[in-house]
Every structure is written in C-alpha cells, then in structure tokens.
Amino acid sequence: MSIRRLPEKLVNRIAAGEVVERPAAALKELVENAIDAGATRISVRIAEGGISRLEVEDDGCGMTAADMALALERHATSKLPDDAIEDVTTLGFRGEALPSIASVARLTLESRVAGGDGWKRVVDNGAVVAEGPAALAKGTRVMVEDLFARVPARRKFLRSGRSEYAACLDVVRRLAMARPDVGFTVEHDGRRVLDVQGGQDQLTRVAALTQRDLAANSIGVDLDRGDVHLGGVISLPTYNRGIADHQYLFVNGRPVKDRLLVGALRGAYADLLARDRHPVVALFLDVPTGEVDVNVHPAKTEVRFRDPQLIRGMIVGGLRRALDEHGFRSVQRPAEAALAAWQQEPVAPQPAPTLFAAHPSYSQIPSTHLGDGATTALLHDRIVDFSPPRDALPMGRAEPATAPVPQAESHPLGIARGQIAKTYIVAEAEDGLVIVDQHAAHERLVLEQLRRGMSGQAVPSQGLLLPEVVELDEPACDRLEAAAPQLAALGVELERFGPAAVMVRATPAMLGAINCQKLVTDIADDLAGYDAALGLSEKLELVAATMACHGSVRAGRTLSVAEMNALLRTMEVTPHSGQCNHGRPTWVKLAMDDVEKLFGRK
C-alpha cells in the first residue's frame, strides 16, 4: 500500500483522539482557555454529564471575528509570543483544542471584545455551518453539543452520564483550586452544584472545594529552595480518606497527576498512615519554566523535571518538617456523627411533688412555730445523705486526681482525671475534655523511640537471662542474619544458631517482658513480605512499627493517675503522637461548648 497524505478532517479527528477522549477533557481545555483569557468569573453548564451539551462562559478579554476564525484552525494560538515553546506560562494553546473538539461535535463559539461587536461561529463536525453577529457581554461563550455523535466507535466507550459528570466536576474543582482569585459556578441539568466566589485565600478555597472542616485539621506548607517554591495545605495524618482522589497537585498553576509527585507524597506520610488510607492535600509547586517540561503529554497532565531528586526531596522534607512541627495534633474534635450519638435520657413529665414529699425523711424534720401561727421547717439542720446503697453498681475507682488544670499553651492535653474501660484516659484541659486511647498513644511513643535508635541514638536493650532460640525456615534466618547489625541498633540482639534457627540474646528495654518467639517471627515476616524494591532501611522502618505494637501499653491495663499524666506529658513533646502507627487518632478533644450543648446549656 502506497503512502498517502491524510485529509484535514481525518487529521483533526486523530488529534481529537489525543486531547478529547471524554467530555471532561473537552471541558478542561475550554475552562483553561477562559482562565488564560483573564476571566474573573467562569460559568459552566453541563447536560447529561457533558455528553449532550457543555457550555463555558467567561468575562475575559474576548476575540474579534478574525481571531475566532484563526482560533478554529489547527496550530493557531495567542499563547506563544515567540518560538520558545519551553517557556509557555499559560495553561493551554487556544486554537489547538478548539478545532479538535469541533471535528467531533457541534461547536458554537461566541465572543466580544471590549468596545466591539459580538460575533458567532458554528462548526458542525469540522464544517462551518453558520456565522454572524451575536449579542453577549464582553467575553466568550463556547457550547459543545453531541460529542462523538458521528463517531460511534468513540461514543460507545463513554461511561454513564453520572460518571462523566463526576469527571467534569473534578476537572473544574482542580482548576478552581489553582485560581482562588477567579469565581466559578457549575450547573448540571439545571441544578447548581458548585459556586465559589473570586478573591478567596488559598486555604478557604481548598476547604470550600473539599470539606469545610479541613481548615481546622490541616497544616500550612510554605517552603523555598532556590528558585523553587512549595506551598499549600496538607491534612493531619488522622484526617484521611480511603481513596486518593482528594490529592490535588499543581505545577506552575497547572493541575497534574504526576507519579513522581504522588510517590513523594506517599513517602512523606510513610509510617503515619495505613497503606489503604490517603491524606487530603493541595500542593502548589512553582518551578522556573526552564526546569520543567509541560509538553510531555498531549493533555499536559504529566510533567518532567530537570532535577527530579530535588523536587522529591523538597516535598518529602518539607511535608515531614511541617508534620513534625504539629506532631502531637490530632483531629481537633469528634465527627458530627459521633456527637450525634450522644443522647439525653428522656424524662417523663410527672406532677410536681410538695416540698416535704420530695424526700421521705423530710416528714420527720422537726418544726418550730413562729409568732403568728406560721410554721417553718429547720431544713438547714437536716443533712441529706446522697451516698448510694452498699450494693449499688457501678462503682468508680477511688484514687483521687486533684491536680489543677494546667494552661493550654504549655500542656494542651490537660491533666488526667480517670480511666474508662481500662483503655481510655479522660483528661481535663483548659478548653475542653480530652479522651486518649492509651494503647494507640503508647504505640506511637515507642515507635518514635525506636526511630531515634535507627538515626544513631542506640535503643537501650535488656539482656535475657537465658538466650532464647527461635526456629524458622532457612530463608527467614538468612534475612535476619543480614539485618542483624541494624536490628541491634533497635535493641534486638540475635545471632545465627544453626541452619534454621536464631538465638535472641537481648530485646529493647522499653518493650518490657515480651514473647521473643512472636516478635522475631513477625520481624522475619516483615523483612520478607514488603516490596522487594524497598531498601533495608525502609523495611526496618516498617519493622520498627511492628516492634512498637508488641511493646505498647495494652488496652485493658489499669494505669495510675501518675502513669496517665506521664503518658500525656510525653505525648506533648513527641513528634506525630497525635496519630497511631496506622493513621488513627490517639486523642480527641470535646470542646466545652460541645459539652454544654449536650446538656442543653447552649
């Protein structure tokens, strides 16, 4: 078969396949054009998930009739003043996506510049079918109808209207997050689903587009390294989600889904979250245009950095530093569903008793007669006994906890007042009621001590009076023998004892009396089970978490008030003590306002 030049219409359809694979992709290009046009307000209307209609209207600079004709030609753009394509600072190329979209849908383009007349141009699947004057305010309106209607091979691969709508909403949400100075509205099938005002600060915009309570459970990030700036907000490890869809990453204001950035984010939260939990983040990375290539993907959703190790190190180090500075913080208050679970006991209305019938013993109070026949009871001489009967249950612990409440600035976790179910510590803080999970909290404290041992501060070990032999298969013994020097830094001293056994001579002193057989077996399983791509030091980080779980204060152990206060004070000065090794909170605080609401005082 001889080589032939493809017709223009087919070329446009091939280009559309690279850029416009679904309605959300077309919407992304149109909204980016509106942002690049200097719009301060962008309105989006969607019908049937964007399959039947997409409409984007902005108040940007607009286009003349001549510019509109050029914008619908391939490789025509206003966004490159010269030939330096690597220095592009806009989100897209107006005129590059429009002809691709117009080749697979009916596209109506209306625009007007300030002081000029409006103009309309209609293109139906690559053919201009109408043009003429249009009545509209300054700006541009683009309508896309019946996407892929004449390309059934592409249309049948579209998902349901609800799925396509969700993808469209995610696109607008990400673009709106990158530009808090621009207002956005989205309507789907006539119903307004998103409305954010322009001129917001970054944290307010991120919280408005994710969850309102993110503002109270997030940490700000602001870091400069040379010409590179990293900013944004990240959630506390205890404020997490089951999917990674709430991670918003931007490079030079452009939403991206880059594997390098996602991997760096995962590394920053390593050992702070369980493997199936994900933080809520919005990170904005500003890099000189010469240090990043944004043209490696047709839709510009992936980027390539000149120095990827610098970027990764900056993200991991910057986020780690921010998390360390707020280490003991947890989710600030219980979820609304948890508060709603508190119930006031219903009180049945009863007739008001007489004063002396309120208590049977009051009838026995002696009376004294006053002058005019008045009689008064000597109530002040009567001491009513409120102590319960001897067989009344339940009875609380008798140990008193009378220390005064410390100032919130120096001791935000307050002072211990008691223990519930031998699992939870109840403390009184200056600004509320604190409940601590003693097992989860101590597990994190032990892990942080072990991590300090890995960084050079050797963990104290306690020698066993009689070394214990643990039998394992030969590959497991090989792995333990290879890691023996590093395990010694964690306080575990062992040596090979034949082909299929190891001898344990010492264990970390902080773990107390433990089951050596189970500890060494779990360590061997961890060394074997984690990804082979992990280095030994990374595997040992995970091994340390397993060891911490073995040595932590178990639920069901009764603690004295002194022990509870010692745990609280240690938590306040230990990094990441606000969450356990699996990302769950170690403590929650019920503000005094919430307590008063529960009792109807507010």
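Refer to the preceding data block for the structure.
Note that the coordinates shown come from a computational prediction; the quantities given were computed from them, not determined experimentally.

Peer 1: Just checking my understanding: could you explain unusual backbone geometry for this structure?
Peer 2: Residues other than glycine seldom take positive phi values, yet asparagine 125 does so here, at roughly 50°. Using a relative accessible area of 5% as the deciding quantity, one classes asparagine 125 as buried. One non-glycine residue, lysine 422, adopts positive backbone phi at about 55°. Tracing the sequence through the fold places lysine 422 in the loop between β20 (415–420) and β21 (424–429).

Peer 1: Mind showing me how you'd approach the nonpolar core here?
Peer 2: Soluble globular proteins tend to pack their nonpolar side chains together in the buried interior. Counting residues in hydrophobic clusters, the biggest one holds 59 residues, and the most contacted among them are Leu27, Val31, Ile42, Val44, Leu107, Val144 and Phe184. Among the elements that take part in this core, helix α6 (residues 161–178) stands out by supplying 10 residues, more than any other. Not counting the four nearest positions on each side in its chain, valine 44 is found in contact with Leu27, Val31, Glu55, Val56, Val172, Thr185, Val186 and Glu187. Grouped together as the second largest cluster of nonpolar side chains are 31 residues, Leu230, Val251, Leu272 and Ile315 included.

Peer 1: Help me understand the sheet that holds strand β23 (residues 461–471), please; the structure alone is not making it clear to me.
Peer 2: The pairing of strands in a sheet happens through backbone hydrogen bonds and is either parallel or antiparallel. Strands sit in the order β23-β25-β24 across an open sheet of 3 strands; the sheet is antiparallel. In this open sheet, the two strands that pair with only one neighbour each are β23 and β24 (493–496). This sheet shows a mean twist of 15° between the axes of neighbouring strands, independent of strand direction. Direction of pairing for β23 relative to strand β25 (residues 501–508): antiparallel, over a ladder of 7 bridges. Within β25, the residue paired with glutamate 468 across the bridge is valine 504.

Peer 1: Which parts of the structure should I look at to understand the sheet that holds strand β7 (residues 183–188)?
Peer 2: Taking strand neighbours across the sheet as the criterion, the 8 strands line up as β5-β4-β3-β6-β2-β1-β7-β8 in an open arrangement whose pairing is mixed. Two strands in the sheet have a free side with no partner beyond their single neighbour: β5 (127–133) and β8 (191–196). On average, adjacent strands in this sheet sit at an angle of 10° to one another, irrespective of strand direction. Examined bridge by bridge, strand β2 (residues 53–58) and strand β6 (residues 139–145) share 6 bridges and lie antiparallel to one another. Each residue of the ladder has a partner; that of arginine 53, found in β6, is glutamate 145. Where α6 meets the sheet, it contacts β1 (41–47), β2, β7 and β8, and its direction lies at approximately 175° from that of β7.

Peer 1: How do you make sense of the environment of aspartate 170 when you look at a structure like this?
Peer 2: Structurally, the position occupied by aspartate 170 is in helix α6. Take aspartate 170: its relative accessible area is 17%, and that puts it in the buried class. Residues aspartate 170 and histidine 246, 76 residues apart in the sequence, show an inter-C-alpha distance of 9.8 Å.

Peer 1: Where do I start with the pairing of β1 in this structure?
Peer 2: Moving residue by residue along a regular strand, the side chains alternate between the two faces of the sheet. Counting buried residues in β1 gives 5 out of 7 residues, a clear majority hidden from the surface. Pairing of β1 with β7 involves 6 bridges; the strand directions are parallel. Looking across to β7, one finds that arginine 41 is bridged to glycine 183. Between β1 and β2, which pair antiparallel and follow one another directly, the connecting turn spans 5 residues, one of which, glutamate 48, has a positive phi of 55°.

Peer 1: Is there a simple way to think about the packing of aromatic side chains in this case?
Peer 2: Working definition: an aromatic ring pair is given by the centre-to-centre distance plus the angle between the planes. A complete count under the given rule lists 1 aromatic pair for this structure. Here phenylalanine 250 and phenylalanine 284 contribute two aromatic rings whose centre-to-centre distance is 4.6 Å and whose plane-to-plane angle is 5°, an arrangement assigned as stacked. With phenylalanine 250 in strand β12 (residues 247–251) and phenylalanine 284 in strand β15 (residues 281–286), this residue pair connects regions lying 34 residues apart in the sequence. The same class applies to phenylalanine 250 as to phenylalanine 284, namely buried.

Peer 1: I'm lost on the packing of helix α2 (residues 23–36) against α6 in this one. Help?
Peer 2: Helix-helix packing: each pair is described by the crossing angle between the helix axes and the interaxial distance. Interhelical geometry of α2 versus α6 gives an angle of 25° and a closest axis separation of 9 Å. What the angle tells us is that α2 and α6 run roughly parallel. Helix-helix and strand crossings are classified by hand; for α2 and α6 the assignment is right-handed. Of the residues in α6, those in contact with Pro23, Ala24, Leu27, Lys28, Val31, Glu32 and Ile35 of α2 are Glu164, Ala167, Cys168, Val171, Val172 and Leu175.

Peer 1: Any chance you could explain helix α9 (residues 308–325) here in plain terms?
Peer 2: Each α-helix turn comprises 3.6 residues. Residues three or four places apart therefore point the same way. Helix length check: α9, at 18 residues, gives a terminal C-alpha distance of 26 Å against a target of 26 Å (1.5 Å per residue), a fit within 8%. Every buried residue belonging to α9 is among Ile311, Met314, Ile315, Gly318, Leu319, Arg320, Ala322 and Leu323, and all of these are buried.

Peer 1: In this structure, what is going on with the pairing of β20? I would like to understand it.
Peer 2: Where β20 meets β21, 5 bridges bridge the pair, whose relative direction is antiparallel. Note that in β21 the partner of glutamine 419 across the bridge is isoleucine 425. Hairpin connection, β20 to β21: the antiparallel pair is bridged by 3 residues, and alanine 421 has positive phi, about 55°.

About the cut-offs
- Residues numbered from 1 in each chain as written.
- Predicted model: local features only at pLDDT ≥ 70, side-chain atom pairs only at ≥ 80, totals over all residues.
- Heavy atoms only, no water.
- Buried < 20%, exposed > 50% of the residue type's maximum accessible area, 1.4 Å probe, protein only.
- Helix = DSSP H or I, 4+ residues; strand = E, 2+ residues; numbered from the N terminus.
- Core = buried A, V, L, I, M, F, W, Y, C linked by side-chain atoms within 4.5 Å.
- Contact = heavy atoms within 4.5 Å.
- Pairing = 2+ DSSP bridges.
- Axes fitted to C-alpha atoms, helices over the stretch in contact; angles between N-to-C directions.
- Phe/Tyr/Trp six-rings, centres within 6.5 Å; stacked < 30°, edge-to-face > 60°.
- Parallel < 35°, antiparallel > 145°, perpendicular 65-115°, else oblique.
- Left-handed = near helix turned anticlockwise from the far one by under 90°.
- Expected span 1.5 Å × (residues − 1).

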